[in-house]
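Read off the chains here:
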Amino acid sequence: MKNEHTDDTFLSRWLNNDLTNEELVSFKKTTKYKEYQKIIKATENFNAPSFNKREVFEKIRQKTNHKKVKKLIPNWMFAAAASIALLLGTVYYLTGTNETYATSYGEQMALVLPDGSEVLLNSKSSVTYKKSDWFNGNRTLELDGEGYFKVKKGSTFSVHSENGKVRVLGTQFNVKTNPSYYEVLCYEGKVQVQNKNETAILTKGLSFRKIDTKHSEKGTFMGVKPNWLDGETSFNNTPLKHVLEELEKQYNIQINTSNINVNTLYTGAFTNKNINLALQTICTPLSIQFVVDSNKVMLSKK
Amino acid sequence: MSEKKSVCESSVFEELYSEHSKSLYNFAFYKSGNSAQSEDLVQEAFIKMWNNCAKIIFEKAKSFLFTVTNNLFLNQVAHKKVVLNYNLIGGKEATNESPEFLLEEKEFMELLQNAIADLKEGQREVFLLNRIDKKTYKEIAEMLSISVKAVEKRMHLALKQLREKIGNI
């Protein structure tokens, strides 16, 4: 009892009805109990001045402008930004900048397309594609000349040319396209060749060829990659005309063929490194003479 | 999961205002004893909350308000005597009390009033928040960011001091 309210939270516990019965009984016996009770009872009648809730709120409102949540970037801005982006995107898509890579006489070029696929370009060839198409998953490019493609797996990969188009999913193939010559060789996987009204499916080791207006032919070939990658250009029963065209491309020369039959078929390969050797390998078997004068070559029968 | 309430939302802000403005005002008044100053404190605290709304989660809004009011008050030097309004005990319809009794009671109320005003600020706010605003010790502890034990000690001391001042009349 002597400690009744020297315990530093005793009165708090009393007010909270947290005293034990014993504590309460002994507390009630003290004279102080009545005084405490009187104070507590009297305190009940106090109150804080009234608070003008509405008025203060109005003041807060005015100072915060807070009827409307002010966003740093209003919603319509996002919409506007999206529309502009869409518009620009569409314009870009429609006009899209074209990427063009071209090789000159005797040159070769290796390039990596946006999807990681590789193209090796033979001499006097070019590929053109729209970057925007590729980012949209549309793997399409245009080829003029000859190219060897190593395609990464993915969406359809198309090679367009004036002679037709080749569609694949992921494979390696060679396309050679000139105004009068179209040849596709499949080195791996499966490719679909579409040439005018014809469609052909090629698997590994199969080739498709169309020369001039003749019927297209399918053939087979050996090898795991085009010979031209190793600095040789090879032909299989190809009209001499096309062989010589190819030679012109490799060496930047003009060949006069007026005195020979350019439709003779030629099977063989010529090197891309030495013009004399190349001319010999073509001309000797066909009994043709050649005279080189700077960048002009005159051919004639022996 | 109930969706999170954002303090930046007007409706949430209003909800917080209608729920806490009065006790915030009382809290400020028990400290300052000045009703105009208290109104300003409430106003400032809510404006501060609005300006920082993105950083305050709904559950912490209440303690933010009290902490800010407390800090704002400490920054203001002016400090008036806390004068509370009161109703006379049994005043209402029970008029069968003797005039002597009523006079005595009035005197007592004034004494108590002065004793409360003389309490240390920390004790006074705890005592009045508990007795007038009926806040539990736990609620007060949260408002003041102190422990429940500290609230109980302040409460005990406040009451003890009040009795010592007026008990021996």
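Residues numbered from 1 in each chain as written. Chains lettered and ligands numbered in written order. Predicted model: local features only at pLDDT ≥ 70, side-chain atom pairs only at ≥ 80, totals over all residues.

**As for the overall build of chain B**
1) Next: From N to C terminus, chain B includes seven helices and one strand.
2) Next: Taken across its 169 residues, chain B has 36% of its residues classed as buried.
3) Next: Taking all contacts inside chain B whose residues are at least 6 apart in sequence as the whole, residues at least 24 apart take part in 67%. (Helix = DSSP H or I, 4+ residues; strand = E, 2+ residues; numbered from the N terminus. Buried ≥ 20, exposed ≤ 12 C-beta atoms within 10 Å, placed from the backbone. Contact = placed C-beta atoms within 7 Å.)

**Some remarks on the overall build of chain A**
1) Next: The number of helices and strands found in chain A is eight helices and 19 strands.
2) Next: Considering only residue pairs separated by 6 or more positions, chain A has 41% of its internal contacts joining residues 24 or more positions apart.

**With respect to the interface of chain A and chain B**
One frequent convention defines the size of an interface as the accessible area lost when the parts assemble.
1) Next: Taken together, the contact between chain A and chain B spans 33 residues of the former and 37 residues of the latter.
2) Next: Those elements that place two or more of their residues in the side of chain A that touches chain B are α1 (10–15), α3 (31–43), β1 (46–47) and α4 (53–64) of chain A.
3) Next: Among the residues making up the side of chain A that touches chain B, the classes are represented as 14 nonpolar, 10 polar and nine charged. (Nonpolar A, V, L, I, M, F, W, Y, C, P; charged D, E, K, R; others polar.)

**Some words on the nonpolar core**
1) Next: In terms of nonpolar packing, the biggest core is built from 46 residues, with L24, A28, A158 and L159 of chain B touching the most fellow members.
2) Next: Here this core gets nine residues from one element, more than from any other, and that element is helix α1 (residues 10–32) of chain B.
3) Next: When residues no more than four places from it in sequence are discounted, the contact partners of A28 of chain B are S38, L41, V42, T69 and F73 of chain B.
4) Next: Formed by 25 residues, the second largest nonpolar core is a distinct cluster that contains L120, L141, V175 and F208 of chain A. (Core = buried A, V, L, I, M, F, W, Y, C linked by C-beta atoms within 7 Å.)

**Here's the deal with the pairing of strand β9 (residues 172–178) of chain A**
Consecutive side chains of a regular strand alternate in pointing toward one face of the sheet and then the other.
Residues and elements named next belong to chain A.
1) Next: Buried residues dominate β9, accounting for seven of its seven residues.
2) Next: Residues of β9 alternate between two faces, with Q172, N174, K176 and N178 on one and F173, V175 and T177 on the opposite face, all of them buried.
3) Next: Two elements, strand β6 (residues 139–150) and β9, share six bridges in a ladder whose sense is antiparallel. Residue pairing across strands places F149 opposite F173, the latter belonging to β9.
4) Next: Sheet topology places β9 next to strand β10 (residues 181–188); seven bridges connect them, and they run antiparallel. Pairing of V175 across the sheet is with V184, part of β10. (Pairing = 2+ DSSP bridges.)

**A few points about the environment of T199 of chain A**
All names here are of chain A.
1) Next: Mapped onto the elements of the fold, T199 is located in strand β12 (residues 198–203).
2) Next: It is 9.5 Å that separates the C-alpha atoms of T199 and V166, two residues lying 33 residues apart in sequence.
3) Next: Once you skip the residues sitting within four places of it in the chain, T199 turns out to touch Q192, V193 and Q194.

**A few points about unusual backbone geometry**
1) Next: Of note in the backbone geometry, S287 of chain A takes a positive phi value of approximately 55° without being a glycine.
2) Next: By secondary structure assignment, the location of S287 of chain A is in the loop between α8 (275–283) and β18 (288–293).
3) Next: A count of 10 C-beta atoms within 10 Å places S287 of chain A in the exposed class.
4) Next: For K134 of chain B, which is not a glycine, the phi torsion comes out positive at approximately 55°.
5) Next: Considering the arrangement of structural elements, one finds K134 of chain B in the loop between α5 (121–131) and α6 (137–144).
6) Next: In this structure K134 of chain B comes out as exposed when scored by C-beta crowding, with 10 C-beta atoms within 10 Å.

**Concerning the pairing of strand β8 (residues 164–168) of chain A**
All names here are of chain A.
1) Next: Only one face of β8 is buried: it carries G164, V166 and V168, and the other face, with K165 and R167, is open.
2) Next: Two strands pair when backbone bridges link them, and strand β7 (residues 157–161) and β8 are joined in this way by five bridges, in the antiparallel orientation. Residue pairing in the sheet places S161 in a bridge with G164 of β8.
3) Next: As consecutive antiparallel partners, β7 and β8 are separated by two residues.
4) Next: Sheet topology places β8 next to strand β11 (residues 190–195); four bridges connect them, and they run antiparallel. Pairing of R167 across the sheet is with Q192, part of β11.

**Concerning the confidence of the model for chain B**
Close inspection of predicted coordinates is inappropriate in any region flagged by low pLDDT.
1) Next: For chain B, mean pLDDT is 82; residues scoring 70 or higher make up 83% of the total.
2) Next: Here residues 89–93 of chain B scores under 50 on pLDDT; set against residues more than four positions off or in separate chains, the count is five contacts. (pLDDT = per-residue confidence, 0-100.)

**A word on α5 of chain B**
1) Next: Most of α5 of chain B sits out of view: nine of its 11 residues are buried.
2) Next: Buried residues in α5 of chain B make contact with α3 of chain A together with α1, α4 (99–118), α6 and α7 (148–166) of chain B.

**A look at the packing of α1 of chain B against helix α2 (residues 35–51) of chain B**
Residues and elements named next belong to chain B.
1) Next: The contact between α1 and α2 brings their axes to 8 Å, and the two run at 140°. When the axis of α1 is compared with that of α2, the two are oblique. Here the hand of the crossing between α1 and α2 comes out right-handed. When α1 is examined against α2, the residues F13, Y17, S21, L24, Y25, A28, F29 and S32 are found in contact with a partner set consisting of S35, Q37, S38, E39, L41, V42, A45, F46 and W50. (Axes fitted to C-alpha atoms, helices over the stretch in contact; angles between N-to-C directions. Parallel < 35°, antiparallel > 145°, perpendicular 65-115°, else oblique. Left-handed = near helix turned anticlockwise from the far one by under 90°.)

**Overview of the environment of E44 of chain B**
1) Next: Summarising the element assignment, E44 of chain B is placed in helix α2.
2) Next: The spatial distance from the C-alpha of E44 of chain B to the C-alpha of L72 of chain B is 8.2 Å, given a sequence separation of 28 residues.

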